[in-house]
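# Structural characterization, general
Below, each chain spelled out in residue letters.
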Amino acid sequence: MNNERPLICVKNLKKNFDDVMVLEDISTDIRKGEKVAVIGPSGSGKSTFLRCLNCMEDPSGGNIFFDGEDIADMKVDINKHREHIGMVFQQFNLFNNKTVLKNITLAPVYFGLKKHRAERCKNFCIAVANLFRKNKKPLIQITQTRKMIKEKANERAMELLKRIGLEEKANAYPSTLSGGQKQRIAIIRALAMNPQVILFDEPTSALDPEMVGEVLDLIRKLAEEGMTMVIVTHEMGFAREIADRVLFIDSGKICEEGSPQELFEHPKNPRLREFLSKVL
Amino acid sequence: MNWGVKWKVFWETLSGEFYRKLFFQGLINTVKIAVLGLIIGIFIGTVIAVVKVMPKYKKLPKALDKICDVYVAIFRGTPMVVQLLIAYYVLLPVLGIRGVEAINVGIAVFGMNSGAYVSEIMRSGINSVDKGQMEAGRALGLGYAVTMLKIVVPQAVKNILPTLGNEFITLIKETSVLSFITVYDLYTALGAIGSKNYDTVMPYLFMAFIYIVLVLAITFMVKGLEKLMAKSDRKKAGGVI
């Protein structure tokens, strides 16, 4: 075991929707570079678990430490942390009113400009204060102009699009794309923010069978590059292939966890055995 | 009834310099009040709608929600004429504000009144947008307001455009109550010709004609706008490279 601090540390996570208990008591660590697959029957709470990791659902109890800060605490500025946690949805959720390129660059440009604005604002304050100071404080060096930020984001987006072979779709609207294309674009949209971890919420469940392959290929490539990822999936073969660790969640608890080999070949938990016999 | 003579008399009066000016002044006022009223209405309506659909964990959204409820109840619960009369003859003197032109009061009241109606239209528009759009924006780290403004509201506006056109048409026609607070609109201008000649037949028919032309023009514009905004739809997406 390495003693490095885990990237995400979940402690006694609980979640209930009114009086329905969805997650009872979940504790697990996700280390940097680790690929975790989450499997389980439908309604077991695996999607809810994933959505709790970036507080899309606010946890009802317990802690989630991301980068050492408890994001389950309602006082934390969750947007700041979500920048570093990418998420890919079952229904793709590309922005319908934006072109593919705008979909990808929207967030990076927004945050780039926001930072730019903040720096300029700070510089203005320093300049005003300098009028009354004897030893003047130096201004912050601003190297980028607004245009450069946008161009850089566009360049990066085109680079990512080229990687998935969809650069000719840059100015198309999402409604003209196939499911597989949409999902791959959704993945690189998350990637454009340079996240530390990507959460996949059943990324292939809404796809036609022939399009599942292209999406899984992209995820596989990301995994090989060492991206940390948590994948909720029904593709057992895929989970077995890329995951370092598999969590089996049933009725709101982690019933069994371990390496794919031991989990799929020697399941100990009777529920897991039953589940595997149905899906394999 | 001699229609030819009636028309001739009416047209001669309208062509006279005084009444021609009055007519165009009225037409401009009618359009101006309706357009500016709608713009203010859309702004107020959007703000109220966003407050209405905001998740309410904290105290501030709850308080804002109550304020919006009261606002909508007041402006939907009283006729426009009453609002105009109260604003012009009660509020302004009571608050001691002088020198405000009647037309500006008209614009403000029209805007606030239409804001109450637009808020409900906008709310249904926002609810018609897939929840996943908001989630995707939030998952990228964008704030609630930013996602609302950049992603959800543009899609909502697209969905409610025909209903907003309705609201605009209503406003155009409602301007005829502005004569209550001494604003010259289309109704007052043409009505004046009727009182001058002791004959209201032609002025009123002509008034109806002008209103219809205005409304048809709006219908045409809304359709054009709809087409323009449909560019992200599958059928209309001609811009695929």
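Presented here is a report on the structure given in the accompanying data block. Not measured: the values here are computed from a predicted model.

Criteria and thresholds
- Residues numbered from 1 in each chain as written.
- Chains lettered and ligands numbered in written order.
- Predicted model: local features only at pLDDT ≥ 70, side-chain atom pairs only at ≥ 80, totals over all residues.
- Heavy atoms only, no water.
- Helix = DSSP H or I, 4+ residues; strand = E, 2+ residues; numbered from the N terminus.
- Buried < 20%, exposed > 50% of the residue type's maximum accessible area, 1.4 Å probe, protein only.
- Contact = heavy atoms within 4.5 Å.
- Areas by Shrake-Rupley, 256 points an atom, 1.4 Å probe, with all protein chains shown as cover.
- Pairing = 2+ DSSP bridges.
- Axes fitted to C-alpha atoms, helices over the stretch in contact; angles between N-to-C directions.
- Buried area = accessible area lost by both parts, 1.4 Å probe.
- Salt bridge = Lys/Arg side-chain N within 4 Å of Asp/Glu carboxyl O.
- Polar contact = N/O pair within 3.5 Å; in protein donor to acceptor, adjacent residues only side chain to side chain.
- Expected span 1.5 Å × (residues − 1).
- Parallel < 35°, antiparallel > 145°, perpendicular 65-115°, else oblique.
- Nonpolar A, V, L, I, M, F, W, Y, C, P; charged D, E, K, R; others polar.
- 1 Å grid on protein atoms, 1.4 Å probe; cavity = no way out; pocket = protein on both sides within 12 Å on 5 of 7 lines; lining within 4 Å.
- Points joined across faces, edges and corners; volume = space filled by probe spheres on them.

What follows is about the overall build of chain B. The helix and strand tally for chain B stands at nine helices and zero strands. Listing each helix as α and each strand as β along chain B from the N terminus yields α-α-α-α-α-α-α-α-α. Each of the three principal axes of chain B carries a C-alpha extent, and together these read 70 × 55 × 25 Å. Evaluated residue by residue, chain B yields a buried proportion of 45% over its 241 residues. Partitioning the contacts of chain B with sequence separation of at least 6, the portion at a separation of at least 24 is 78%. A total of about 13100 Å² of accessible surface is found on chain B, and carbon and sulfur atoms cover 68% of it.

On to the sheet that holds strand S10 (residues 253-258) of chain A, then. Residues and elements named next belong to chain A. An order of S6-S7-S8-S3-S9-S10 is seen for the six strands of this open sheet, with the pairing classed as mixed. Here the strands that pair on one side only, and so sit at the sheet edges, are strand S6 (85-88) and S10. Sheet twist, expressed as the average angle between the axes of neighbouring strands with direction ignored, equals 20 degrees. Relative to strand S8 (residues 228-232), strand S7 (residues 197-201) runs parallel, the two sharing five bridges. Counted as the bridge partner of Leu199 is Val230 from S8. Packed on one face of the sheet, helix H9 (residues 270-279) meets strand S3 (35-39), strand S9 (245-250) and S10 and runs near 100 degrees to S9.

Of all nine residues in helix H6 (residues 131-139) of chain B, eight are buried, a share of seventy percent or more. Looking only at H6 of chain B, the buried set comprises Gly132, Gln133, Met134, Glu135, Ala136, Gly137, Arg138 and Ala139 of chain B. Next to the buried residues of H6 of chain B lie helix H1 (46-53), helix H2 (78-82), S6 and helix H5 (179-191) of chain A together with helix H7 (144-174) of chain B. Of the residues one or two after H6 of chain B, Gly141 of chain B is the one with positive phi, at around 100 degrees.

This brings us to the interface of chain B and chain A. The partner chain A presents 32 residues to the 26 residues of chain B that form the contact. Between chain B and chain A, a total of about 2500 Å² is buried, with carbon and sulfur atoms accounting for 58% of that surface. Counting every contact that joins chain B to chain A gives one salt bridge. When the shortest N-O distance is used, the salt bridge between Arg51 of chain A and Glu135 of chain B registers 2.8 Å. Inspection of the region where chain B meets chain A yields seven residue pairs in polar contact (both at pLDDT 80 or more). Taken together, the elements giving at least two residues each to the side of chain B that touches chain A come down to H6 and H7 of chain B. Ranked by residues supplied to the side of chain B that touches chain A, first place goes to H6 of chain B with seven residues.

Before going further, it helps to spend a moment on the pairing of strand S4 (residues 61-66) of chain A. Residues and elements named next belong to chain A. Of the strand pairs in this sheet, strand S1 (residues 8-17) and S4 are connected by five bridges, and their pairing is antiparallel. Its bridge partner lying in S4, Ile8 is registered against Phe66. Sheet topology places S4 next to strand S5 (residues 69-70); two bridges connect them, and they run antiparallel. Within the sheet, the bridge partner assigned to Phe65 lies in S5 and is Asp70.

Below, the discussion takes up helix H8 (residues 186-197) of chain B. All names here are of chain B. With twelve residues, H8 extends 17 Å from end C-alpha to end C-alpha; this agrees with the ideal 16 Å at 1.5 Å per step. Within H8, the full set of buried residues consists of Leu186, Ala189, Leu190, Gly191, Ile193 and Gly194. Packing partners of the buried residues in H8 comprise helix H1 (3-15), helix H2 (17-53) and helix H9 (201-229). A positive backbone phi angle near 55 degrees is found at Tyr198, which sits one or two residues after H8.

Quick look at the packing of H2 of chain B against H8 of chain B now. Residue and element names in this part refer to chain B. Close contact between H2 and H8 brings their axes to 6 Å; oriented N to C, the two are set at 155 degrees. On the basis of the axis angle, H2 is roughly antiparallel to H8. Counted together, Tyr19, Leu22, Phe23, Gly26, Leu27 and Thr30 of H2 and Leu186, Ala189, Leu190, Ala192, Ile193 and Lys196 of H8 form the full contact between these two elements. Among the residues making up the contact of H2 with H8, the classes are represented as nine nonpolar, two polar and one charged.

One number sums up the size of the largest pocket: a volume of about 1300 Å³. Along its surface, the largest pocket is lined by 34 residues, and Asp58 of chain A together with Pro55, Tyr57, Arg138 and Tyr144 of chain B are the ones closest to its centre. Secondary structure elements with two or more residues in the lining of the largest pocket: H2 of chain A together with helix H3 (59-77), helix H5 (102-128), H6 and H7 of chain B. Partitioning the lining of the largest pocket into residue classes produces 20 nonpolar, three polar and eleven charged. For the second largest pocket, the calculated volume is near 760 Å³. Along the wall of the second largest pocket there are 30 residues; nearest its centre are Pro108, Phe111, Gly112, Lys115 and Ile149 of chain A. Elements that contribute at least two residues to the lining of the second largest pocket include exactly H2, helix H3 (100-130) and helix H4 (146-163) of chain A. Broken down by element, the residue count for the lining of the second largest pocket peaks at ten residues, all from H3 of chain A. Here the residues of the lining of the second largest pocket are counted per class, giving eleven nonpolar, eleven polar and eight charged.

A few words on the environment of Met87 of chain A. Within the secondary structure, Met87 of chain A sits in strand S6. As for Met87 of chain A and Leu199 of chain A, which are separated by 112 residues in sequence, their C-alpha atoms are 4.6 Å apart. For Met87 of chain A, the residues in contact, after removing those within four places along its chain, are Leu50, Arg51, Asn54, Met56, Ala190, Leu199 and Asp201 of chain A together with Ala139 of chain B.

It is worth spelling out the sheet that holds S1 of chain A at this point. All names here are of chain A. Taken in spatial order, the four strands of this open sheet run S2-S1-S4-S5, and their pairing is antiparallel. A single partner strand is all that each edge strand has here, and the edge strands are strand S2 (20-30) and S5. Set on the sheet, H1 makes contact with S1, S2 and S4; between it and S1 the angle comes to about 120 degrees.

A few words now on the pattern of salt bridges. All names here are of chain A. A full pass over the atoms with the stated rule returns 20 salt bridges over all chains. Measuring nitrogen to oxygen at the nearest pair gives 3.7 Å for the salt bridge that ties Glu34 to Arg31. Here Arg31 falls in the partly exposed class, since its relative accessible area comes to 30%. In this structure, the salt-bridge partner of Glu225 is Arg163, at a minimum N-O distance of 2.8 Å. Of this pair, Glu225 sits in the loop between helix H6 (209-224) and S8 while Arg163 sits in helix H4, and the two are 62 residues apart along the sequence. Owing to a relative accessible area of 53%, Glu225 belongs among the exposed residues under this scheme.

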